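Architecture at a glance
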Amino acid sequence: MKNVLSCVQPTGDLHLGNYFGAVQNWVKLQDEYNCLYGVVDYHSMTMPYNATLLRENTWKMVFYLLACGIKPENLFIQSLIPEHIELSWILGCTTSYGELTRMTQFKDKVDQLHETDKDAFVSLGLFAYPVLQAADILIYHADYVPIGKDQEQHLELSRNIAQRFNHQFGKEYFVHPAPLYTETPKILSPADPNKKMSKSLGEKHYINLFGEEDRVRKQIKSAVTDTGEAVEGEMSAGVKNLFELLRASKEMDAHDSLMADYLSNALRYSDLKEGVANAVIKLINPFRERLAILQVDEKNVKNQIHEASAEIRKRAQQTLREVRDITGLIV
Ligand code: ADP
């Protein structure tokens, strides 16, 4: 079986966009590939952060992913495997300064920091972030990395780093990781359907996967359906998004019957929203229930992830033994 690796930053809540756009796919991939999923807390130190919150959010993300169906043995916490950092240093020495300056995400994040404070501190960590990402991938010899378009440039850099390392040391050691594209829906903000559902826009712009039923219903009921920009005879972005949510929730009977109403001009938006709210609640209720069960057993679950990380660490240590040998470090 081929190796798949994907990582997520511990950023707090998970929303429906994250689920339909990424996590659902990760759960499925576990049947076909050797999957490893990392909660990458080292990466979260590259932007201003709060230490207490980082630790809290790291565990929160672990529990969320488990509740969604990620198998505990496939899940690790990055900072429990410090070999990622060691490899990142070694790979950093085969990465050129020039190619890192061309990373658009670095430029975007610097702009983001400077938006609120023109003298904002920009760390070496933020600049070197893509090298750590390459280490995350290469350390487990991942064949595939499920990514969205926004991460293409970083994965390309990981391939370049692997190639340069192999060339420099005259050995086909690192696998060249390939992107794994899966057709996933893009979910829009209920409050502004011209934008992607996203946490960075604020609370009203995302539907929490583990949200309370009342709030989720309220958010869907008040979803914007008409932005005033709709072209006559064309479905508005907000309405399209509601149909997309029905389709993504696999409620095709409700989807088809409401679509038939839409096509015959008989659709009431309140019925569409009711249908979407029911579909989303039906989807997320089992997640909340599983999360509650995991939380009762919190200590055991945390131990399980410590153990899984220790087991996965053995693979990282093996890679480092080989890399130290190849690169001339003392073994
Ligand atoms: P956020 O900051 O809103 O949590 P991220 O940019 O960290 O989102 O994305 C995490 C993962 O979720 C990525 O794989 C991304 O493609 C996916 N994702 C995020 N928002 C959406 C969305 N609105 N629709 C579909 N997928 C999304």
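Residues numbered from 1 in each chain as written. Predicted model: local features only at pLDDT ≥ 70, side-chain atom pairs only at ≥ 80, totals over all residues. Heavy atoms only, no water.

This part is about helix α6 (residues 124-138). Compared with an ideal rise of 1.5 Å per residue, which puts 15 residues at 21 Å, α6 spans 21 Å between its outermost C-alpha atoms and is within 8% of the ideal. A bend of about 40 degrees at P130 is the largest found in α6. Burial of α6 is extensive: twelve of the 15 residues sit out of reach of the surface. All of the buried residues in α6 are L126, F127, Y129, P130, V131, L132, Q133, A134, A135, D136, I137 and L138. Structurally, α6 contributes buried residues whose contacts are with β1 (3-8), α3 (83-92), α4 (97-101), α5 (104-116), β4 (144-146) and α7 (152-169). (Helix = DSSP H or I, 4+ residues; strand = E, 2+ residues; numbered from the N terminus. Expected span 1.5 Å × (residues − 1). Bend = angle between axes of the 7 residues up to and from the residue. Buried < 20%, exposed > 50% of the residue type's maximum accessible area, 1.4 Å probe, protein only. Contact = heavy atoms within 4.5 Å.)

Moving on: the domain arrangement of the protein chain. Each domain of the protein chain was delimited in the assignment, giving domain 1 (3-184 + 298-327) and domain 2 (199-292). Taking the mean C-alpha position of each, domain 1 and domain 2 sit 32 Å from one another. Contacts between domain 1 and domain 2 engage 14 residues on the former and 16 residues on the latter. Carbon and sulfur atoms supply 68% of the area buried between domain 1 and domain 2, which totals about 1400 Å² over both sides. Looking only at domain 1, the three residues that lose the most surface to domain 2 are L16, F20 and A67, adding up to 39% of its buried area. Across the domain 1-domain 2 interface, the total number found is zero salt bridges. On the surface where domain 1 and domain 2 come into contact, there are six residue pairs in polar contact (both at pLDDT 80 or more). Elements represented by at least two residues in the side of domain 1 that touches domain 2 include exactly α1 (16-29) and α2 (51-68). By residue number, the principal contributor to the side of domain 1 that touches domain 2 is α1, which donates five residues. When grouped by side-chain class, the residues that make up the side of domain 1 that touches domain 2 number eight nonpolar, five polar and one charged. (Domains from an automatic or database assignment. Buried area = accessible area lost by both parts, 1.4 Å probe. Salt bridge = Lys/Arg side-chain N within 4 Å of Asp/Glu carboxyl O. Polar contact = N/O pair within 3.5 Å; in protein donor to acceptor, adjacent residues only side chain to side chain. Nonpolar A, V, L, I, M, F, W, Y, C, P; charged D, E, K, R; others polar.)

Within the largest apolar cluster, 58 residues are counted, with the highest numbers of intra-cluster contacts made by L16 and L65. Sequence-distant contacts of L16, that is, excluding residues within four places in its chain, are made with G21, I187, M197, I207, L209, L245, V280, L283 and I284. Of all hydrophobic cores here, the second largest spans 38 residues; its members include I90, V131, L138 and V323. (Core = buried A, V, L, I, M, F, W, Y, C linked by side-chain atoms within 4.5 Å.)

This part is about the site of the ligand. Surveying the vicinity of the ligand reveals the residues H15, G17, N18, G21, A22, P185, K186, I187, K196, M197, S198 and K199. Within the backbone of I187, a nitrogen or oxygen atom sits 2.7 Å from a nitrogen atom of the ligand. In the shell around the ligand, the residues fall into four nonpolar, five polar and three charged. (Near = heavy atom within 4 Å.)

What follows deals with the environment of H15. When you line up the elements, H15 lands in the loop between β1 and α1. In the structure, H15 is positioned 15 residues away from Q30 in sequence and 21 Å away in space, judged by C-alpha atoms. For H15, the residues in contact, after removing those within four places along its chain, are M197, S198, K199, Y206, I207, N208 and L209.

It is worth spelling out the packing of helix α9 (residues 237-248) against helix α11 (residues 269-296) at this point. Running from N to C, α9 and α11 cross one another at 35 degrees; their axes reach a closest spacing of 9 Å. Crossing hand, α9 versus α11: left-handed. Two secondary-structure elements touch here, α9 through V239, L242, F243, L245 and L246 and α11 through Y269, L272, K273, G275, V276 and A279. Classifying every residue of the contact of α9 with α11 gives nine nonpolar, one polar and one charged. (Axes fitted to C-alpha atoms, helices over the stretch in contact; angles between N-to-C directions. Left-handed = near helix turned anticlockwise from the far one by under 90°.)

We now examine the pairing of strand β2 (residues 34-39). Across the six residues that make up β2, a large majority, five, are buried. Of the crossover connections in this fold, the one passing from β1 over α1 to the parallel β2 is right-handed. Here β2 runs beside strand β3 (residues 75-77); their pairing, made up of three bridges, is parallel. Bridge pairing in β3 places V39 opposite I77. In terms of handedness, the path from β2 via α2 over to β3 forms a crossover that is right-handed. (Right-handed = clockwise from strand over helix to strand, strands pointing away. Pairing = 2+ DSSP bridges.)

For the structure shown, the criterion picks out twelve salt bridges. One salt bridge in this structure joins E99 and R164, with 2.8 Å as the shortest N-O distance. Separated by 65 residues along the polypeptide, E99 in helix α4 and R164 in helix α7 bring together distant segments of the chain. A salt bridge links K118 to D119, with the shortest nitrogen-to-oxygen separation between them at 3.7 Å. You'll find K118 and D119 in the same group, each marked exposed.

Right, let's get into the packing of α3 against helix α12 (residues 298-327). Helices that pack against each other are described as a pair by the angle of their axes relative to one another and the distance between those axes. Running from N to C, α3 and α12 point in directions that differ by 25 degrees, and their axes come no closer than 10 Å. When the axis of α3 is compared with that of α12, the two are roughly parallel. When the axes of α3 and α12 are compared, the crossing they make is left-handed. Contacts between α3 and α12 involve E83, E86, L87 and I90 from the first element and R313, A316, Q317, L320, V323, R324 and T327 from the second. Taken together, the residues that form the contact of α3 with α12 break down as five nonpolar, two polar and four charged. (Parallel < 35°, antiparallel > 145°, perpendicular 65-115°, else oblique.)

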